[in-house]
Amino acid sequence: MQIYQVGGAVRDGLLGLPVKDRDYVVVGATPEQMLAAGYRAVGKDFPVFLHPETHQEHALARTERKTGKGYKGFSVYAAPEVTLEEDLARRDFTMNAIAQAEDGRLVDPFHGQRDIQEKRLRHVTEAFSEDPVRILRAGRFLARFTEFSVAPETMALMREMVANGEVDALVPERVWQEIAKGLMEKKPSRMFEMLRDCGALQVIFPELARLWGVPQTAIYHPEVDTGVHVMMVIDYAARQGLSLPVRFAALVHDLGKGTTPADVLPRHIGHELRSVDQIRDVVARLKVPNDCKDLALVVAKYHGKLHAAREMKASTLLNFLEELDAFRQRTRFDDFLLACECDSRGRLGLENCPLDDAEHLRKALQAALLVDAGAIAKNYATPTEIKQAVADARTQAIEAMLALSRKPVL
C-alpha cells in the first residue's frame, strides 16, 4: 500500500498558497485492507475512506470509463492493480495531476510543474472531453489564478465539446455550483469571458451571453458595451469582497438590455422589468438559492430608480423604501445599495464616482426609523388608521431630514 497526497493541496503548495483541504490516493490496496487498517468507508460512487486519526479523505486509485453524456455518465474501476499514473491521468488539468509521496517526492507524469511555472491551464489527456463540468472548472480556475491562461489545445478541445453537445447535458445544480464558486473568486469576469470564448456561455447562460455587443449611451457608460459593463460590475464586487447574493445580483441586473429592440439602441427603456422576467427564468432553470434570487430581482427592478432618489419628495422616498421592503429587510436593503454601488462604479473611468443617491436613500431610511410605530399604534383603533398615522409620521421625519440637508452650511 502506497499513499500519495494529490490534487489542489499539491498544486497550491507549489504555488506558495495556503493549503486548505488535503486529499490522498492509495495505490495497491483493497477496501478490505483499508477497513482492517482502521479507515472508515464513506464513498458512494467510488471507494473513499477517512483516516482513523486525521479524518482526511483517502481514495483508492481508480480509472473511469465514459458510459453516457454529462458528468455522471461514468463507470469507475478501483483495484490494487490501478497505478498512480493511471489515476492521475483521469484528472482535469496537469497542475492538478501531480502527486506527492510521503517522503516529499513529487510524481509528475504530465508535466504539471512546468505548466504551473508557465502559468498555463492545460488538460491532462483527451479524456478531459468526457466531463463537461471541466469547462466550468477551467473558468473558475482562471477567475482564481488571474495570471494563468488556457492552453490553445485545451481551448480547442472545449470548443469541440460544446459543438458536440456535451455542455447540453450539464445538470443545472452543478452549473449553479460552479458559477457560484467562480463569482466568489478574485476576478470572476475571467470565468465568464472564457465560457463565452469557447461557446459554453451561450448554452448554459444565453441571457448573459447576448449582452456582449449591445451598446449603451456613452455619456453614462463610457465602456459602451453592456457585456463589458457587467464584467466590470462583478469584478468591482469581487474587489470589495462582497457576498454571493450581491455578486449574483451584479451579474444579472442588466439582463434585459440583451433584448432591447435594435431601433431604440443605445437607449434601454424598460430594461429593468425585462431583466426581472429573465432573472426569473434563470433562477428557475439553475435552481438558484432564494437569497440570491430575491436580491437579484430587487436590484434589477429598482437600480434605475435609485438614481432619482435625490429628486424625490418625502412621500415618494417613503414609498420607494416600502417598495424595497427596507423596514423589514434591513440586510437586503443594505445589499441592494451595495449592488447599486457596483453598478455605478463598474464603468470605465468612474470606478470612484460619488454615491450620493445611495447615501440619500440611506439617510431617508434612518430618519423614518426614528419614528416609534408602536407608540403611534396605541392612539388608533384600526389597522388602516395605524398604517396611515405611521406613514404620516415617517413622511414628516423624512421631510425634516430633507430640510436639514437643504440648509446651507455656514
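Refer to the preceding data block for the structure.
Residues numbered from 1 in each chain as written. Predicted model: local features only at pLDDT ≥ 70, side-chain atom pairs only at ≥ 80, totals over all residues. Heavy atoms only, no water.

1. Some remarks on the overall build of the protein
Each helix and strand in the protein was counted, giving 19 helices and eleven strands. Overall size of the protein, expressed as C-alpha extent along the three principal axes, is 80 × 55 × 45 Å. Relative to its full complement of 410 residues, the protein shows a buried share of 50%. Restricting the contact set of the protein to residue pairs at least 6 apart, pairs at least 24 apart contribute 64%. (Helix = DSSP H or I, 4+ residues; strand = E, 2+ residues; numbered from the N terminus. Buried < 20%, exposed > 50% of the residue type's maximum accessible area, 1.4 Å probe, protein only. Contact = heavy atoms within 4.5 Å.)

2. Observations concerning the environment of Ala-389
With respect to the helices, strands and loops of the structure, Ala-389 is situated in helix α19 (residues 383-406). The buried category is assigned to Ala-389, whose relative accessible area is 13%. In this structure the C-alpha to C-alpha distance between Ala-389 and Ile-376, which are 13 residues apart in sequence, comes to 7.1 Å. Those residues in contact with Ala-389 that lie beyond four places of it in its chain are Ile-376 and Tyr-380.

3. Comments concerning the side chain of Gln-278
Considering the arrangement of structural elements, one finds Gln-278 in helix α13 (residues 271-286). Every residue in contact with Gln-278, bar those within four places of it in the chain, is listed here: Glu-207, Arg-210, Leu-255, Gly-256 and Thr-259.

4. Quick word on the nonpolar core
Counting 97 residues, the largest nonpolar core has Leu-251 and Phe-336 as its most contacted members. When residues in this core are grouped by element, the largest group, nine residues, is from helix α14 (residues 290-306). Contacts of Phe-336, omitting those with residues within four sequence positions, involve Leu-295, Val-298, Val-299, Tyr-302, His-303, Leu-306, Phe-320, Leu-324 and Leu-361. Among the nonpolar cores identified, the runner-up in size contains 15 residues, and Tyr-4, Val-27, Val-82 and Leu-84 belong to it. (Core = buried A, V, L, I, M, F, W, Y, C linked by side-chain atoms within 4.5 Å.)

5. What about the environment of Thr-226?
One can find Thr-226 in helix α11 (residues 226-239). Sequence spacing of Thr-226 and Leu-306 is 80 residues, and the spatial spacing of their C-alpha atoms is 19 Å. Not counting residues up to four positions away in its chain, the partners in contact with Thr-226 are Leu-211, Val-214, Pro-215, Gln-216, Lys-257 and His-268.

6. Looking at the sheet that holds strand β3 (residues 40-41)
Strand order in this open sheet of seven strands is β3-β4-β5-β2-β1-β8-β9, and the pairing throughout is mixed. At either margin of the open sheet sits one strand with a lone partner, and together these are β3 and β9 (106-107). Across three bridges, strand β4 (residues 48-50) lies against strand β5 (residues 57-60) in antiparallel orientation. Across the sheet, the residue bridging to Phe-49 is His-58, located in β5. (Pairing = 2+ DSSP bridges.)

7. Quick look at the packing of aromatic side chains
Following the criterion strictly, the structure yields six aromatic pairs and no others. An aromatic cluster of at least three residues, connected via ring pairs, comprises Phe-93, Phe-128, Phe-141, Phe-145 and Phe-148. The ring of Phe-141 is capped by Arg-140, whose NZ or CZ atom sits 5.6 Å from the centre of that ring. The ring of Phe-327 has Arg-394 sitting right over it, with the charged end atom 3.9 Å from the ring centre. (Phe/Tyr/Trp six-rings, centres within 6.5 Å; stacked < 30°, edge-to-face > 60°. Lys NZ or Arg CZ within 6 Å of the ring centre and 35° of its normal.)

8. Comments concerning the packing of α11 against helix α16 (residues 330-345)
Where α11 meets α16, the closest approach of the two axes is 8 Å, and the angle between their N-to-C directions is 130°. The angle between the axes of α11 and α16 places the two elements in the oblique class. Crossing geometry of α11 relative to α16 is assigned as right-handed. In this structure, α11 contributes His-229, Val-233, Tyr-236 and Ala-237 to the contact, and α16 contributes Glu-341, Cys-342, Asp-343 and Arg-345. (Axes fitted to C-alpha atoms, helices over the stretch in contact; angles between N-to-C directions. Parallel < 35°, antiparallel > 145°, perpendicular 65-115°, else oblique. Left-handed = near helix turned anticlockwise from the far one by under 90°.)

9. Topic: the pattern of salt bridges
Once the charged atoms of two side chains with opposite charge are near each other, the side chains can pair. In total, this model carries 19 salt bridges according to the counting rule given. Salt-bridge contacts for Glu-118 lead to Arg-120; the nearest nitrogen and oxygen are separated by 2.6 Å. The salt bridge partner of Arg-285 is Glu-207, with a shortest N-O separation of 2.8 Å. Highlighted residues: Arg-285 in helix α13 and Glu-207 in helix α10 (residues 206-209), separated in sequence by 78 residues. Through salt bridges with shared partners, a single network forms among Asp-115, Glu-118, Arg-120 and Arg-122. (Salt bridge = Lys/Arg side-chain N within 4 Å of Asp/Glu carboxyl O.)

10. Digging into unusual backbone geometry
Each neighbour pair has its own omega, and for Leu-265 with Pro-266 the value is 10°, a cis peptide bond. When you line up the elements, Pro-266 lands in the loop between α12 (244-252) and α13. In this structure, His-55 takes a positive phi of about 65° despite not being glycine. Relative to the helices and strands, His-55 is located in the loop between β4 and β5. By relative accessible area, which is 52% here, His-55 ends up exposed.

11. Quick notes on the layout of surface pockets
There is about 680 Å³ of room inside the second largest pocket. In this structure, the second largest pocket is lined by 29 residues; those nearest its centre are Tyr-220, His-221, Gly-304, His-307 and Arg-347. The biggest single contributor to the lining of the second largest pocket is α16, with five residues. Tallied by class, residues from the lining of the second largest pocket come to ten nonpolar, nine polar and ten charged. (1 Å grid on protein atoms, 1.4 Å probe; cavity = no way out; pocket = protein on both sides within 12 Å on 5 of 7 lines; lining within 4 Å. Points joined across faces, edges and corners; volume = space filled by probe spheres on them. Nonpolar A, V, L, I, M, F, W, Y, C, P; charged D, E, K, R; others polar.)

12. Describing the pairing of strand β1 (residues 2-6)
Most of β1 sits out of view: four of its five residues are buried. Taken together, the three bridges between β1 and strand β8 (residues 99-101) define a ladder with antiparallel strand orientation. Within β8, the residue paired with Val-6 across the bridge is Ala-99.

Take it as geometry only, folks, not as evidence of what the structure does.
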